[in-house]
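Single-letter residue listing:
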Amino acid sequence: YHYQKYYYVTHFLHYFFVFPDFMQMAVAHCMVHQIPASSFMLPCMSPNETSVIPLTAGVVASSPGLHREHGTTETNSLMLVAEESFLCCLWSETNANCSLYTAGMETKKFTSSEVSSFAPQQTGSWNIQCWTKGDLELFVCILKLSNKKSYLNGEFKINLLYLSLEDISTGSLKGNFMVTPCNGNGSDKYECHIPSLKLNYTYITWLNIINGVTLLQSPLMSVRPINIVKPESPLNLRLEMTDKGQLKICWSNPVLTPYPLQYEVKFSGNTTQNVVEIVIETSLIIGNMLVGSSYLVQVRCKSLHGTGFWSDWSTPYNLNTEDVMYFPPKILTSVGSNVSFHCLYNDKNKMILSKKIVWWLNLAEEIPERQYTLVNDRVSRVTLFNLNATKPRGKFFYNALYCCNQNRECHHRYAELYVVDVNINITCETDGYLTKMTCRWSANTNTLLVGSSLQLKYYRSSIYCSDFPSIPPKSEAKECHLQRNHYYECTFQPIFLLSGYTMWIEIKHQLGTLESPPTCVIPADVVKPFPPSNVKAEITKNIGLLNVSWTNPAFPNSDLKFQIRYSVNREEILWEIFEVSNAPTRSVMIKVLDLCVVYIVQVRCSGLDGLGYWSDWSKPAYTIVQDIQAPLRGPEFWRVINEDPIRKQKNVTLVWKPLMKNYSLCSVCGYIVKQHTSENITWTEYVTSGTTYTYPWMEDAHTITILAVNSVGASSMNFNLTLSQQMSTVNIVQSLSAYPVNSSCVILTWTLSPQMYVITSFVIEWKNLNEEEQMKWIRVAPNISKYYIYDHFILIEKYQFSLYPIFPEGVGNPKTTDEFIKDRSEKQNDAGLYVILPIVISSFVLLLGTLLISQQRMKKLFWEDVPNPKNCSWAQGVNFQKVWVSIMIRFLVWVYVFHTLTFSLKC
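Residues numbered from 1 in each chain as written. Predicted model: local features only at pLDDT ≥ 70, side-chain atom pairs only at ≥ 80, totals over all residues. Heavy atoms only, no water.

As annotated in an unreviewed UniProt entry, the protein chain carries the name Fibronectin type-III domain-containing protein and comes from Gopherus agassizii. Regarding the protein chain, the relevant UniProt record gives this comment under Subcellular location (unreviewed entry): "Membrane". Its UniProt record gives the protein chain the following Sequence similarities (unreviewed entry) comment, quoted word for word: "Belongs to the type I cytokine receptor family. Type 2 subfamily." (UniProt positions renumbered as here; feature names shortened; annotations may be inferred.)

Colleague: Can you walk me through the overall build of the protein chain in this structure?
Modeller: Helix and strand counts for the protein chain stand at 7 helices and 67 strands. Residue burial in the protein chain is summarised as follows: out of 907 residues, 42% are buried. Taking the intrachain contacts of the protein chain between residues at least 6 apart in sequence as the baseline, contacts between residues at least 24 apart amount to 64%. When the accessible surface of the protein chain is totalled, it reaches about 50000 Å², and 52% of it is carbon and sulfur. (Helix = DSSP H or I, 4+ residues; strand = E, 2+ residues; numbered from the N terminus. Buried < 20%, exposed > 50% of the residue type's maximum accessible area, 1.4 Å probe, protein only. Contact = heavy atoms within 4.5 Å. Areas by Shrake-Rupley, 256 points an atom, 1.4 Å probe, with all protein chains shown as cover.)

Colleague: Could you clarify how one ought to interpret the sheet that holds strand β42 (residues 488-492) in this entry?
Modeller: In any sheet, the strands associate via hydrogen bonds between backbone groups, in a parallel or an antiparallel arrangement. If you trace the 4 strands from one edge of the open sheet to the other, you get β37-β38-β42-β41, paired in antiparallel fashion. For this open sheet the edge positions go to β37 (426-430) and β41 (481-482), each flanked by a neighbour on one side alone. Taken together, the 5 bridges between strand β38 (residues 437-441) and β42 define a ladder with antiparallel strand orientation. Residue pairing in the sheet places Cys439 in a bridge with Cys490 of β42. (Pairing = 2+ DSSP bridges.)

Colleague: Mind showing me how you'd approach the pattern of salt bridges here?
Modeller: Pairing between side chains becomes possible if they bear opposite charge and their charged atoms approach one another. Summed over all chains, the structure comprises 14 salt bridges. One salt bridge in this structure joins Glu416 and Lys330, with 3.8 Å as the shortest N-O distance. Of the two residues, Glu416 is situated in strand β36 (residues 415-420) and Lys330 in strand β27 (residues 330-334); the sequence distance between them amounts to 86 residues. Using a relative accessible area of 12% as the deciding quantity, one classes Glu416 as buried. Here Lys650 and Glu643 are joined by a salt bridge, their closest N and O atoms 3.9 Å apart. Classification of Lys650 by relative accessible area gives partly exposed; the value is 23%. Given the relative accessible area of 57%, Glu643 is considered exposed. Taken together, the shared-partner salt bridges connect Glu429, Arg440 and Glu489 into one network. (Salt bridge = Lys/Arg side-chain N within 4 Å of Asp/Glu carboxyl O.)

Colleague: I would appreciate a short explanation of a nonpolar patch on the surface in the present structure.
Modeller: A cluster of nonpolar side chains, contributed by Tyr433, Phe530 and Phe555, occupies part of the molecular surface with about 300 Å² of accessible area. Among the secondary structure elements, Phe530 is positioned in the loop between β45 (519-521) and β46 (533-539). (Patch = residues over 30% accessible without salt bridge, like charges linked within 9 Å, V, L, I, M, F, W, Y side chains within 5 Å.)

Colleague: What's the story with the layout of surface pockets in this structure? I'm lost.
Modeller: To find leftover empty space, one rolls a probe the size of a water molecule over the atoms. When its volume is computed, the largest pocket comes out at roughly 530 Å³. In terms of lining, the largest pocket is formed by 20 residues, of which the most central are Leu239, Tyr317, Tyr326, Pro328 and Pro329. No other element matches the 5 residues that strand β19 (residues 235-241) contributes to the lining of the largest pocket. Looking at the lining of the largest pocket residue by residue, the class counts come to 13 nonpolar, 3 polar and 4 charged. (1 Å grid on protein atoms, 1.4 Å probe; cavity = no way out; pocket = protein on both sides within 12 Å on 5 of 7 lines; lining within 4 Å. Points joined across faces, edges and corners; volume = space filled by probe spheres on them. Nonpolar A, V, L, I, M, F, W, Y, C, P; charged D, E, K, R; others polar.)

Colleague: Would you mind going over the packing of aromatic side chains with me for this structure?
Modeller: Remark: the centre distance and the inter-plane angle together describe each pair of aromatic rings, the angle taken between the planes. A full pass over the atoms with the stated rule returns 31 aromatic pairs. Note on Trp638 and Tyr804: the rings are 5.1 Å apart at their centroids and 65° apart in plane angle, and the pair reads as edge-to-face. Remark: Tyr804 occurs in strand β65 (residues 799-807) and Trp638 occurs in strand β53 (residues 637-644); sequence separation between them is 166 residues. Here Trp638 and Tyr804 have matching classes, each one buried. The rings of Phe396, Tyr398, Tyr402, Tyr414 and Tyr418 are connected pair by pair, giving a single aromatic cluster. Residue placement shows Lys230 over the ring face of Trp131; its charged tip is 5.1 Å from the ring centre. Above the plane of the ring of Trp638 lies Arg639, whose end atom (NZ or CZ) is 4.5 Å from the centre. (Phe/Tyr/Trp six-rings, centres within 6.5 Å; stacked < 30°, edge-to-face > 60°. Lys NZ or Arg CZ within 6 Å of the ring centre and 35° of its normal.)

Below, the structure is given as structure tokens:
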């Protein structure tokens, strides 16, 4: 540094401050010093021992060429102060370079001996070290005052001024100089930064140091940031093993190194001297001399070619080869893969040969010897094939692999094996507008390791997908968000419909990275169309089919197939599916069973080629119940005749049952009662409500017909009933019996007498005589003689049952009964009983006679020799005659039970 007295002299300020040509002259006369890739000193002195001139406060700040912007100052002039001459030196560890500059910019080089003579005249010196940080974004200079004179009191204000040049050979130094302040820590140490570096530019720099009113100013210095980089320390030191069983220490490069590096590896032992080796690879094989000992290993790096600084030493790695060592100590892999572990076994500083090593899994299962490989005399390798997912065991999520000796003695250390199921299914669908593709996937968190992070990776090929997708070297990450349904979802927009998107899930953990099997998706093949719109449904008139119509979605334009689901609209929906491949008319007719109910209908669509997804179901459409056609037939009806003694006439009341919907199709708005007399006179009466109609019986014989009417028309098929005074006296029902089965069923049987009339049907009437309830009736077929009546019967009450024969000419005289027959079953089985009972009795007598005749033969059958009580102790006191009597009695009881059961079954 140079010290100069500062005067307010106009010509000095004009010469040095106003004209930037000084900079070009300085470069031309080799006044710029190169900043070395090491620490250096910058002492400055005056050959003619000029005195220090005070600097008036405010001169620099008030200079018109200075202004501040964003925390820095820039100026177009360089502030240098001199009288006749000044001397500036650049001292490094190897040499000293000094030059004398006059006000006329004449220069003179000094020899080393001359430089040494200037040393006593130093007014102060600074230790300086400058470098580019490993992130290649920041230039750093550290200044430390090493020789402070007594008149330099108080704190310093230091500014670093710089100018960046792309090509210094042009000699053009025009531009704005930037000024950045240097921060001190209060111990005469200051740090200056130049941010946002351009690595291959040349930076012209100098320092302005102000102490009170004293100005200290450095000569010009130049540097290319790429030449003085101090890299970051190597990372991730670890011990690995080669395929040949050799140990090697490995590390990872620091980030952002645009040039090759060299590495210095240091082994520090407790009892041995440090061992240092320089390599250009990111690993170093450890010799046998280091095996079996404990060391601390550190690595640092610097540029392989050119200048630069060594990085700081890495974090120490404790290399201990005194016990059992596994390589790798932990493995993270996926289901179905094969993995190998290496083992180096030192037992009490004694190496165990690899052929004497056995492997155990979880100390519970010995691994077969066929899975061992002897790498060398000291290293054994085991390979596990087709691995299954690791099942958690308490708080442990791995399988433990032990290396043991032949005596099954295992060291407490073990290797850890983590096997994760990475079969993650990724599904994608393209929206109906064909503008975006949404992909979803779900991972079973129970099988993932704690601390795992998942990310979807993808690669887009120019067109289509390969038959066997694989993970490409280049990929992009896609941000996916976890949804409430525990699915991850991410969206691609815009999309290329015919491009192939290869996707997989990357699972990152501190133990390693796993990838799910890749899947390839073409957006055009996974389209989920919008559902059809304007869905309408109706039951067609006259035809009676369910007609469904809709409007196709706007996209895609390709052919579509459709599914229609329909169901009766009720609380429990039971859907039926009807599919149509292509519907040019956008409608379909479906045959349904019930035409008189409300149907709910929905439609969805999909590509006709089978690719993609079904759309969502459309909004539901509902049918309206309406009359499809005229009723199929009229109602069944019956007549009730009441005598009116006052008017001396009979009144006929017609009663009919409401017509069911499957006959009315679908409603009945009224009934037409039509009467046709024997004189061929017809008259009608319209009944709008109710199911009864009463009129006086005026004609001797007349035929009645009741028609059902709805909004479409009247029924064409109807029941006829002829009422005739003459036919009402015809008796053909010979007997009528009522047999109660239970409180809900009564069997009615009847017999007919020989007759010459044609019977078209029977009508059964019944009512409770103890209560005033309405008479009930039912029409039955003419070819039966027994009918089950289902109703609620009170068996202790009295009921009346009547049977009317119906002829084409009229209604015959009924047969009536008001009693239940209780012993119906006995009477029905009398004939069978009379046949079965003699047979059973005859069989019984025959069996009894046979037993009596063959008593002796049966004794021989049971006992070959009847024991003599005198010779057999167990037979003494036994009455064998009573034994046979007991046997006969039991046999007779069995025959009786058999007869009783047979009789009961026949009844």
